[in-house]
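# What the coordinates show
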Amino acid sequence: MEDQAFRTDLAEIAAQRFRRGEIDRRSLLKLLGALGLVPLIGSDKAFADAKELVLVNWGGEPSKVLQKVMGDTFTAETGVKVTVDGSGPSAGKIRAMVESGAVVWDVCDSGPGSAIIMGNQGVATPIDYSIVDKSKVIDGFTWEYGVANYMYSYVLCCNTQMLKETPKTWADVWNVKDFPGKRTFRKSVRGMLETAAMAMGAKPQEVYDFLKDEKGIKAAIAKFHELREHIIVWSSGSASQDLFLQNEVAIGCIWSTRAQLLRDQMPAGGFSVTFNEGVLSPGAWVVPKNNPAGAELAMKFIAHTQDPKLQVEWLKLIGSGPANPAAAAMVPDELKAWDPSSPEHMATQTVYNDDWYAKNQVKAEELYIDALIN
Amino acid sequence: MAARAFADRHRYWLLILPALAAMLIFYVWPLIQIFAISFTEPTTGFGNYVELLSSRAIRTSFVITFRVAALTTVGCLLLGYVVAYAIYNTRARYVGLMLMLVLLPFWLSVLVRSFAWIVLLGRGGVVNDALIGLGLIDRPLALMHNEFGVLIAMVHVMLPYAVLPLMANMKGIDPSYVAAARGLGASELTAFRQVYLPQTLPGIFSAALLVFVISLGFYITPALLGGGRVLMISEYITYQIQEFLKWGLGTALSVALLVATAAVILAAARFVNLRKTLLERG
């Protein structure tokens, strides 16, 4: 769910890096070639054979990094060929695949929200925790039908050139008198109601307590209704970045990966980011039901990706934080400020609660849209 | 003779058979399935339609959708009529060029055209910069991230759909009628109003219908330029289908949009002869 868009976004970041010359043309072309090889549902040739594992993510640079960091190392260890398909495993596509009886994907880079929905609809395989190690995942980021693969945050960013004073908390963001200018929030409720709760005084650790019943949710929604005239929403990571680059907004709640890019693109000293009162979110591996390589091999691959060394490599190349708590100590100093799941950052953030989303998202989403358009 | 006419009729059916088959397989059948899903998911019954009617967000989104489509239609008709009229009354050598200018935007994707408007209408965009530079305003106008920006871009995107039917219509109008009216002493304005304009009504109606119906299903431009506050119903549908797997509600919304669109066409049919407007214009 939240993750679909986030992952597609990583692909776009990669394209930007290519334009800046950080990735060579050959690698990019290879990737684009790989995208052309998206298997067609129903074609026999597309069915992965038993010796092959098909990973699916959202294309671009992350596909290449996934292949290199997780895929090739798995092949070296087990001899199983790993292919990465970057065509985007949306919950809708997975469901269509499972229901048509032509599953070609083994392990999908999805999200806990999607994992819960797909589990409920019977189109995902439960994670086998006798193979996948729960202790190698930050507490709370394991679910029945999915397990965290990496982390990212929703953070408070400011264009400091447009402001006399920099807002430091969500309460400041709601204070339009002292901090004038447009704000940008996500077009979806994900990671957003949390900020309204904190603006009303909830501590990061108490956010979901605040939002536990209808009263709390309605209050957070009303808070957005109050701010609606000052809000421009972003629907993609690149849009959130453009809004800052074009001085359309002064303040925003955006993904940490995009904030990291903006820090380099905005004039020096003209942009601030804080993980204070951020919302830390996990992505998740999901295995579609009846995956061609079999559940066991898929689980073995997931266990392989839990290696903290590989996860630090991932942070280095893509900017998404490790899901294994053991990795934090291995993160090099210069990257620590950008590791969403470092112990320092975890202490000041609220942790995205998927059970809350499973229970409340659909309703909250409608109320959120209602608050913004009415 | 009779036998031959019969065979002729069969021959024509054979000609349209492939198109008809494609329609049945790729359009009518999926449409029936969409209809079925809306009544069977998550449970059998009218649940999705009750949810649809009881949601204020969905109601507002429908209102926004129809308002944006209607305003776009008005804008397109006003501009399109002038453009079509001008094209048919300029010297023949420029007609080709002007037609090309009308059609040119068709060759660019809607996405590209919408992004172009972002460059023009932004706070630091070309329009605001120019106005500030000229000293007409001292702070940027909010030209975008609201319904105003959406309408500007929508009218731009939809304009060819208005110009083309109007032109087809004007092409069939014999200039001697206006000339006769003028010869009988009517002023230019009267001749236009009483003789020319009534003859272009079929063109106006078909242009309006085309622009309105296509606009109803639009969402890329409003999503990019509306700042999140101009939510078209098709965007809402995409969301339900792709993100929440609520195919029941998504399909129910699609059916509702289809029914609403059909209702508009039927209502239009009460006032205009659709067959004549759409098939025998000019």
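Residues numbered from 1 in each chain as written. Chains lettered and ligands numbered in written order. Predicted model: local features only at pLDDT ≥ 70, side-chain atom pairs only at ≥ 80, totals over all residues.

## Things to note about the overall build of chain B
Of the regular secondary structure elements, chain B holds 13 helices and zero strands. Its helices and strands taken in sequence order, chain B reads α-α-α-α-α-α-α-α-α-α-α-α-α from the N to the C terminus. Overall, chain B is about 80 × 70 × 30 Å in size when its C-alpha atoms are taken along their principal axes. By residue count, 30% of the 282 residues in chain B fall in the buried class. By sequence separation, contacts in chain B at least 24 residues apart represent 78% of the contacts at least 6 residues apart. (Helix = DSSP H or I, 4+ residues; strand = E, 2+ residues; numbered from the N terminus. Buried ≥ 20, exposed ≤ 12 C-beta atoms within 10 Å, placed from the backbone. Contact = placed C-beta atoms within 7 Å.)

## Re the confidence of the model for chain A
For chain A, per-residue confidence averages 87 on the pLDDT scale, and 87% of positions sit at 70 or higher. Low pLDDT, under 50, characterises residues 28–49 of chain A; the stretch is placed with 29 contacts to residues that sit more than four places away or in other chains. (pLDDT = per-residue confidence, 0-100.)

## A word on the domain arrangement of chain B
All names here are of chain B. If you check the domain split of chain B, you get domain 1 (1–40) and domain 2 (55–279). The C-alpha centroid of domain 2 is placed 31 Å from the C-alpha centroid of domain 1. Taken together, the four residues of domain 1 in the interface contact six residues of domain 2. Its residues assigned to classes, the side of domain 1 that touches domain 2 comprises three nonpolar, one polar and no charged. (Domains from an automatic or database assignment. Nonpolar A, V, L, I, M, F, W, Y, C, P; charged D, E, K, R; others polar.)

## Focus on the domain arrangement of chain A
All names here are of chain A. What the domain assignment lists for chain A is domain 1 (2–151 + 281–348) and domain 2 (153–279 + 356–365). Listed as interface residues are 16 residues of domain 1 and, on the opposing side, 20 residues of domain 2. Mapped by element, the contributors of at least two residues to the side of domain 1 that touches domain 2 are helix 1 (2–19), helix 5 (112–120) and helix 15 (343–348). Its residues placed into classes, the side of domain 1 that touches domain 2 shows seven nonpolar, six polar and three charged.

## What about the pairing of strand 1 (residues 52–56) of chain A?
Residue and element names in this part refer to chain A. When you tally the buried positions in strand 1, you get four out of five residues, the bulk of the element. Following the backbone out of strand 1, through helix 3 (residues 61–78) and into the adjacent parallel strand 2 (residues 81–85), one traces a crossover that is right-handed. Sheet topology places strand 1 next to strand 3 (residues 107–110); two bridges connect them, and they run parallel. Within the sheet, the bridge partner assigned to Leu55 lies in strand 3 and is Val107. (Right-handed = clockwise from strand over helix to strand, strands pointing away. Pairing = 2+ DSSP bridges.)

## Things to note about the nonpolar core
With 159 residues, the main nonpolar core has A:Tyr368 and B:Ala162 as its most contacted residues. The dominant element in this core, judged by the number of residues it contributes, is helix 7 (residues 147–171) of chain B, at 16 residues. In contact with A:Tyr368, other than residues within four places in its own chain, are A:Val189, A:Met192, A:Ile221 and A:Phe224. (Core = buried A, V, L, I, M, F, W, Y, C linked by C-beta atoms within 7 Å.)

## Brief notes about the packing of helix 9 (residues 214–227) of chain A against helix 16 (residues 354–373) of chain A
Residue and element names in this part refer to chain A. Contact geometry of helix 9 with helix 16 gives a least axis separation of 8 Å together with a crossing angle of 25°. With respect to each other, helix 9 and helix 16 are oriented roughly parallel. In this structure, the crossing between helix 9 and helix 16 has a hand that is right-handed. Mapping the contact onto sequence places Ile217, Ile221, Phe224 and His225 in helix 9 and Asn360, Ala364, Leu367, Tyr368, Ala371 and Leu372 in helix 16. (Axes fitted to C-alpha atoms, helices over the stretch in contact; angles between N-to-C directions. Parallel < 35°, antiparallel > 145°, perpendicular 65-115°, else oblique. Left-handed = near helix turned anticlockwise from the far one by under 90°.)

## A closer look at the UniProt feature "transmembrane region" (unreviewed entry) in chain B
All names here are of chain B. The positions UniProt marks with the feature "transmembrane region" (unreviewed entry) are residues 12–37, 57–87, 94–110, 116–136, 148–168, 204–226 and 247–272. Its end C-alpha atoms 43 Å apart, residues 57–87 is made of 100% helix and 0% strand. Structurally, residues 94–110 comprises 65% helix and 0% strand, and the distance from its first C-alpha atom to its last is 27 Å. (UniProt positions renumbered as here; feature names shortened; annotations may be inferred.)

## Section: helix 4 (residues 91–99) of chain A
Among the residues making up helix 4 of chain A, those that are buried are A:Ala91, A:Ile94, A:Arg95, A:Met97 and A:Val98. The arc that holds the buried residues of helix 4 of chain A, viewed along the axis, is 165°, so those residues lie on one side. (Arc of directions from axis to C-beta.)

## A word on the packing of helix 10 (residues 237–245) of chain A against helix 11 (residues 256–265) of chain A
Relative orientation and spacing of two packed helices are given, respectively, by the angle between their axes and the distance between those axes. All names here are of chain A. Where helix 10 meets helix 11, the closest approach of the two axes is 10 Å, and the angle between their N-to-C directions is 30°. Taken together, the axis directions place helix 10 and helix 11 in an arrangement best described as roughly parallel. Considering how the two elements wind past one another, helix 10 and helix 11 form a crossing that is right-handed. Here helix 10 contributes Gly237, Ser240, Gln241, Phe244 and Leu245 to the contact with helix 11, which in turn contributes Arg258, Leu261, Leu262 and Gln265. Of the residues in the contact of helix 10 with helix 11, the class split is four nonpolar, four polar and one charged.

## A look at the interface of chain A and chain B
When the parts of a complex come together, some accessible area is lost, and that lost area is often used as the size of the interface. Listed as interface residues are 22 residues of chain A and, on the opposing side, 21 residues of chain B. Mapped by element, the contributors of at least two residues to the side of chain A that touches chain B are helix 4, strand 7 (231–234) and helix 16 of chain A. No other element matches the six residues that helix 16 of chain A contributes to the side of chain A that touches chain B. A breakdown of the residues in the side of chain A that touches chain B according to their chemical character gives ten nonpolar, seven polar and five charged.

## Section: the confidence of the model for chain B
All names here are of chain B. Per-residue pLDDT for chain B has a mean of 89; in total, 94% of the residues score no lower than 70. Highest mean pLDDT in chain B belongs to helix 3 (residues 56–89) (94); lowest belongs to helix 13 (residues 274–279) (65). Scored as a complex, the prediction yields pTM 0.79 and ipTM 0.81.

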